[in-house]
Amino acid sequence: MVLRVKGRSCKQLLLLIVLCLLFITVASYVVLVGSNKPQATREVKGHTLANYVTQRTTVLSLNTTHTHDKPSGVRAGCIESQASDGHGDLKFLRQNGYACDLGNVDLDALPDSAIPLTFHSYLDNIDVVCSRKIRAGKIGDGGWEVCDDMDVRPKSPCTVYSFGINNDFSFDDDVAKLYGCHVFSFDPSMGVKSHNRSDKVHFFNVGLWGETGQKHPRFPGWMMYTLKDLKSMLGHTKVDIVKIDIETSEWMALPNILDTGQLDDVQQLYMEFHAIWNLGRHTILPQLKIFQRLEGLGFRKFDVHKNVKTPRNIPRFPVGRTKCYEVHYLKRK
């Protein structure tokens, strides 16, 4: 007689119990072996999974970072050739737009994309700190910042040349009043005869150009002179401050000014630089070389201002730019 339990024989029940015990034994062994494995088998080359992910991310980042080196002598911050933070156009600007130290840059070697980025970066950033600035003239257009630091401020007797008046003598009058300088003001566009505005401000109905006697292409009736010839005519060997705001004609005048050494004794130079658009590398590169030559003479930017009336967008520049920059230089001895 065979015993049955709920329809199963004792043999079947015994076989089922044996199989269950075998399964439990094998499972316990697997768990025990897994818990006793060395720590290194659950790590990747000695690093936890989190460290491994971080390490791989860093490697990938380094592999995609711009790798050209900044030129020797260029201060950190003027260019960030190895910039790893930022993204898109901001990162591209940091890697390609020089903000300072152009004297140590081979401008001819710059790629086309870096030329306009450098132009608009350089003009919008200062090189040196002026501890005290005095606004001479209007707060808005027409006024300029005079660095009043002891080593560079004008001291009477002093001479100032102011090119580009546009019927606004506020800068000229203030400099004469504040520092006792004789100010010589030049502008052929006003239709006003040469005259003495005051005992210290003297106006001349002539303009600044790259060659004396050469006709202005748009206004052939204007009388145009080089800075060298104007100084000779007026009997000046030294000028303390030169201000030039002549609506793109600065690019015609500056090469001659630099070639003839007319800024060698100037301590402060105020320039309105105008960006000439859509003319490409062959136009902007010579302008960068003018900035480079000014830097080579010892001029450093202590104040810059964007003209808000002439906004422009520049390819690959992450924010808006302007057509006109008012740039204030000083030269410390």
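Report on the accompanying structure. As the structure is a prediction and not an experimental result, all values here were calculated from the model. (Residues numbered from 1 in each chain as written. Predicted model: local features only at pLDDT ≥ 70, side-chain atom pairs only at ≥ 80, totals over all residues. Heavy atoms only, no water.)

Moving on, we get to the pattern of salt bridges. Summed over the entire model, instances satisfying the criterion amount to 17 salt bridges. The partner of Asp127 in a salt bridge is Lys301, and the shortest N-O contact between them spans 3.5 Å. Here the residue Asp127 occupies a position in the loop between helix 4 (114–122) and strand 3 (133–136), and Lys301 occupies one in strand 13 (residues 299–306), the gap between them amounting to 174 residues. For Asp127, a relative accessible area of 15% translates into the label buried. (Salt bridge = Lys/Arg side-chain N within 4 Å of Asp/Glu carboxyl O. Helix = DSSP H or I, 4+ residues; strand = E, 2+ residues; numbered from the N terminus. Buried < 20%, exposed > 50% of the residue type's maximum accessible area, 1.4 Å probe, protein only.)

Before going further, it helps to examine the packing of helix 4 against helix 8 (residues 281–296). Close contact between helix 4 and helix 8 brings their axes to 10 Å; oriented N to C, the two are set at 40°. Relative to helix 8, helix 4 is oriented oblique. Crossing geometry of helix 4 relative to helix 8 is assigned as left-handed. Contact residues: helix 4 offers Ile115, Pro116, Thr118, Phe119 and Tyr122, while helix 8 offers Arg281, Ile284, Leu285, Gln287, Leu288, Phe291 and Glu295. Across the contact of helix 4 with helix 8, the residue classes tally to eight nonpolar, two polar and two charged. (Axes fitted to C-alpha atoms, helices over the stretch in contact; angles between N-to-C directions. Parallel < 35°, antiparallel > 145°, perpendicular 65-115°, else oblique. Left-handed = near helix turned anticlockwise from the far one by under 90°. Contact = heavy atoms within 4.5 Å. Nonpolar A, V, L, I, M, F, W, Y, C, P; charged D, E, K, R; others polar.)

Burial within strand 5 (residues 159–163) is extensive, with five of its five residues counted as buried. Judged by which residues are buried, strand 5 turns out to be covered on both faces: Thr159, Tyr161 and Phe163 on one side and Val160 and Ser162 on the other are all buried. As judged from the five bridges shared by strand 5 and strand 6 (residues 182–186), these two strands associate in the parallel manner. Bridge pairing links Tyr161 to Phe184 in strand 6. After leaving strand 5, the chain enters helix 5 (residues 170–179) and then returns to the sheet as strand 6, a path that is right-handed. Sheet analysis places strand 5 next to strand 11 (residues 241–244), joined by four bridges and oriented parallel. Bridging across to strand 11, Ser162 finds its partner in Lys243. (Pairing = 2+ DSSP bridges. Right-handed = clockwise from strand over helix to strand, strands pointing away.)

In this structure, Lys91 sits in helix 3 (residues 88–96). For the pair Lys91 and Phe317, spaced 226 residues apart in sequence, the C-alpha separation works out to 9.9 Å.

Read across the sheet, eight strands follow the order 7-8-6-5-11-12-16-13 without closing on themselves; strand pairing throughout is mixed. The sheet is open, and its two borders are formed by strand 7 (195–196) and strand 13, each paired with just one other strand. The pairing of strand 12 (residues 268–274) with strand 16 (residues 324–331) spans seven bridges and is antiparallel. If you follow Tyr270 over to strand 16, its bridge partner there is His328. Its contacts with the sheet put helix 6 (residues 227–234) on strand 5, strand 6 and strand 8 (201–204), and the angle it makes with strand 5 is roughly 135°.

Attention now goes to the packing of aromatic side chains. Within the structure shown, the criterion is met by 16 aromatic pairs. Each ring, one from Phe219 and one from Trp222, has its centre 4.2 Å from the other, and the planes form 10°; the classification is stacked. Judged by its relative accessible area of 31%, Phe219 falls in the partly exposed class. Aromatic rings pair up to connect Phe119, Tyr122, Trp251, Phe273 and Phe291 into one cluster. The ring of Tyr122 carries Lys301 above its face, with NZ or CZ at 3.7 Å from the centroid. We note Arg316 situated over the ring of Phe92; from NZ or CZ to the ring centre the distance is 3.8 Å. (Phe/Tyr/Trp six-rings, centres within 6.5 Å; stacked < 30°, edge-to-face > 60°. Lys NZ or Arg CZ within 6 Å of the ring centre and 35° of its normal.)

A few words now on the state of the cysteines. Enumeration according to the criterion identifies three disulfides in this entry. The residue that forms a disulfide with Cys158 is Cys181, at a sulfur-sulfur distance of 1.9 Å. Between Cys158 and Cys181, the disulfide has an S-S torsion of -95° and is therefore left-handed. Here Cys181 lies in the loop between helix 5 and strand 6 and Cys158 lies in the loop between strand 4 (144–147) and strand 5, a separation of 23 residues in the sequence. Of the two residues, Cys158 and Cys181, neither departs from the other in class, the shared state being buried. For the protein, numbering the cysteines in disulfides from first to last along the sequence yields the connectivity 1-2, 3-4, 5-6. (Disulfide = S-S within 2.5 Å.)

Grouped together as the largest cluster of nonpolar side chains are 49 residues, with contacts concentrated most on Phe163, Phe273, Phe291, Leu294 and Tyr329. Here this core gets six residues from one element, more than from any other, and that element is helix 8. One finds Phe171, Val175, Met190 and Phe302 within the second-largest nonpolar core, a separate group that totals 23 residues. (Core = buried A, V, L, I, M, F, W, Y, C linked by side-chain atoms within 4.5 Å.)

A separate point is the packing of helix 3 against helix 4. Contact geometry of helix 3 with helix 4 gives a least axis separation of 9 Å together with a crossing angle of 85°. Classified by the angle their axes make, helix 3 and helix 4 are roughly perpendicular. In this structure, helix 3 uses Phe92, Leu93 and Asn96 to contact helix 4, whose residues at the interface are Ala114, Leu117, Thr118 and Ser121. Considering only residue class, the contact of helix 3 with helix 4 consists of four nonpolar, three polar and no charged.

A few words now on helix 5. Looking at helix 5, one finds that the buried residues are Ser170, Phe171, Asp172, Val175, Ala176 and Tyr179. Immediately downstream of helix 5, the backbone of Gly180 shows phi near 70°, a positive value.

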